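# Structural features, examined
The primary structure of each chain is shown beneath.
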Amino acid sequence: SFYPFVIYTAFATAVATVFMVLPLLVAPARVDLDKSSAYECGFDAFGEARQTFSVSFYLVSIMYLLFDIEV
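A quick note: this is a predicted structure, and the numbers were derived from the prediction, not measured.

## Here we look at the overall build of the protein
- Looking only at helices and strands, one finds 2 helices and 0 strands in the protein.
- Taken across its 71 residues, the protein has 0% of its residues classed as buried.
- Counting every atom, the protein has about 7,500 Å² of accessible surface; 70% of that belongs to carbon and sulfur.

Here's what the structure looks like:
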């Protein structure tokens, strides 16, 4: 009675694995020089784009939204 569920789960796992592995094989892994060049303002890129923010940044932004909506 669980045979269709097992087949579906195996198929979904196989498709997910193919979708995760295929880009690693197909996509080039080179650094783009345009992305690492200076911004329009002239500053050189520093650090990663996905750096974590300080918790105080989030608290200030939440307080700003709270008081902005209140006004």
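So, next bit.
## Remarks on the UniProt feature "transmembrane region" (unreviewed entry) in the protein
- If you check UniProt for "transmembrane region" (unreviewed entry), the listed places come out as residues 6-27 in our numbering.
- As annotated, residues 6-27 has a helix share of 95% and a strand share of 0%, and its two end C-alpha atoms lie 32 Å apart.

## Topic: the packing of aromatic side chains
- All chains considered together, the criterion is met by 1 aromatic pair.
- Relative to Tyr-58, the ring of Phe-57 lies with its centre 5.7 Å away and its plane at 75°, an arrangement referred to as edge-to-face.
- Tyr-58 sits in the partly exposed class, given a relative accessible area of 43%.

## As for a nonpolar patch on the surface
- There is a patch of nonpolar side chains on the surface, built from Val-18, Phe-19, Met-20, Val-21, Leu-22, Leu-25 and Val-26 and spanning about 760 Å² of accessible area.
- Looking at the secondary structure, you find Leu-25 in helix α1 (residues 3-26).
- A relative accessible area of 67% means that Leu-25 is categorised as exposed.

How each quantity is defined
- Residues numbered from 1 in each chain as written.
- Predicted model: local features only at pLDDT ≥ 70, side-chain atom pairs only at ≥ 80, totals over all residues.
- Heavy atoms only, no water.
- Helix = DSSP H or I, 4+ residues; strand = E, 2+ residues; numbered from the N terminus.
- Buried < 20%, exposed > 50% of the residue type's maximum accessible area, 1.4 Å probe, protein only.
- Areas by Shrake-Rupley, 256 points an atom, 1.4 Å probe, with all protein chains shown as cover.
- UniProt positions renumbered as here; feature names shortened; annotations may be inferred.
- Phe/Tyr/Trp six-rings, centres within 6.5 Å; stacked < 30°, edge-to-face > 60°.
- Patch = residues over 30% accessible without salt bridge, like charges linked within 9 Å, V, L, I, M, F, W, Y side chains within 5 Å.
- Salt bridge = Lys/Arg side-chain N within 4 Å of Asp/Glu carboxyl O.

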